[in-house]
Amino acid sequence: MPASVPLFRTRRDIFDDLILDAVEGLERRWADELANVEFAVEDVPPDLNVYDTDVLEDGEVPLARLLPGRPGRQPVPPRIVLYRRPLEFRAVDREDLADLISNVVIEQLANLLGVDPEELN
């Protein structure tokens, strides 16, 4: 579709929608735990020599990062950052990308909550 048509969706828009779908599926059961969690998308991971345990990797390529947040007088909410291009590169099609995003969101949320990812399904 041409960009001037209202139905036009960029790859970035589609990616964002797939994240929303994954989170909405979890919110039905985990609303309280997800209430303050922020989700963000970056095109590519930052260029670091070493990644901490807060980064979910495939081989040595980061797919997502968990920033646990900070309570206190100036609280910072937890944030899960997904890296769009590495995730898209690993997906065969849109359905595969949706599954991959869902798995990454579940894995990072499980890390945040300190539970097994199977408990979130």
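None of these values were measured; they are calculated from a predicted model.

Describe the overall build of the protein, with residues and values.
The helix and strand tally for the protein stands at 4 helices and 4 strands. What you see in the protein, going N to C, is helices and strands ordered as α-β-β-β-β-α-α-α. Within the protein, buried positions represent 30% of all 121 residues. For the protein, contacts bridging at least 24 residues in sequence account for 56% of all contacts bridging at least 6. In the structure as shown, the protein presents an accessible area of about 8000 Å², 48% of it carried by carbon and sulfur atoms.

Account for the pairing of strand β3 (residues 61-67), with residues named and values stated.
Inspection of the sheet shows strand β2 (residues 55-58) paired to β3 by 4 bridges, in the antiparallel sense. Looking at the pairing, D58 lines up with V61 of β3. Connecting the antiparallel pair β2 and β3 is a turn made up of 2 residues, with G59 showing a positive phi of about 70°. As defined by bridge partners, β3 adjoins strand β4 (residues 79-83) across 4 bridges and the pair is classed as antiparallel. Counted as the bridge partner of L67 is R79 from β4.

Any chance you could break down the side chain of R84 for me, citing the residues and the numbers?
With respect to the element layout, R84 can be found in helix α2 (residues 84-90). Apart from the residues within four sequence positions on either side, R84 is in contact with R11, R12, F15, V41, E42 and D43.

I'd like to hear about helix α3 (residues 94-113), residue by residue, with values.
In a regular helix each residue adds 1.5 Å, so 20 residues correspond to 28 Å; α3 covers 28 Å between its end C-alpha atoms and thus fits that length. Taken together, the buried positions of α3 are L97, I101, V104, V105, I106, Q108, L109 and A110. In the segment just after α3, G114 is the residue with positive phi, at about 70°.

Quick one: what's the story with helix α1 (residues 11-34), residue by residue and with numbers?
The α-helix advances 3.6 residues per turn, and as a result positions three or four apart in sequence lie on the same side. Relative to the 34 Å expected for 24 residues at 1.5 Å per residue, α1 spans just 26 Å between its end C-alpha atoms, considerably shorter than the ideal helical length. Along its length, α1 reaches its greatest deviation from straightness, about 95°, at R28. Those residues of α1 not exposed but buried are F15, L18, I19, A22, V23, L26, W30 and L34. Looking at the buried side of α1, the elements it contacts are β1 (38-42), β4, α2, α3 and α4 (117-120).

What counts, and at which threshold
Positions within a chain are numbered from 1, following the residues in the order the chain's sequence is written. Predicted model: local features are reported for residues with pLDDT of at least 70 only, side-chain atom pairs are reported and counted for 80 or more only, and whole-chain, interface and lining totals are derived from all residues. The basis for every side-chain value is the complete set of heavy atoms in the structure, and neither hydrogens nor water enter the calculation. The way it works is that DSSP assigns letters per residue, a run of H or I at least four long becomes a helix, a run of E at least two long becomes a strand, and they are numbered from the N terminus. For each residue, the accessible area found with a 1.4 Å probe, counting protein chains only, is set against the maximum for its type, and the residue is called buried under 20%, exposed over 50%, and partly exposed in between. Residue contacts follow a heavy-atom distance rule, with two residues in contact if any of their heavy atoms lie within 4.5 Å. Values of accessible area rely on a 1.4 Å probe in the Shrake-Rupley scheme; residue burial ignores everything except the protein chains shown. We call two strands paired when DSSP finds no fewer than two bridges between them. In a helix, the anticipated span is given by 1.5 Å times the number of residues less one. Fitting one axis to the seven residues ending at a residue and another to the seven starting there, the bend at that residue is the angle between the two axes.

Geometric values such as these leave the question of function open.
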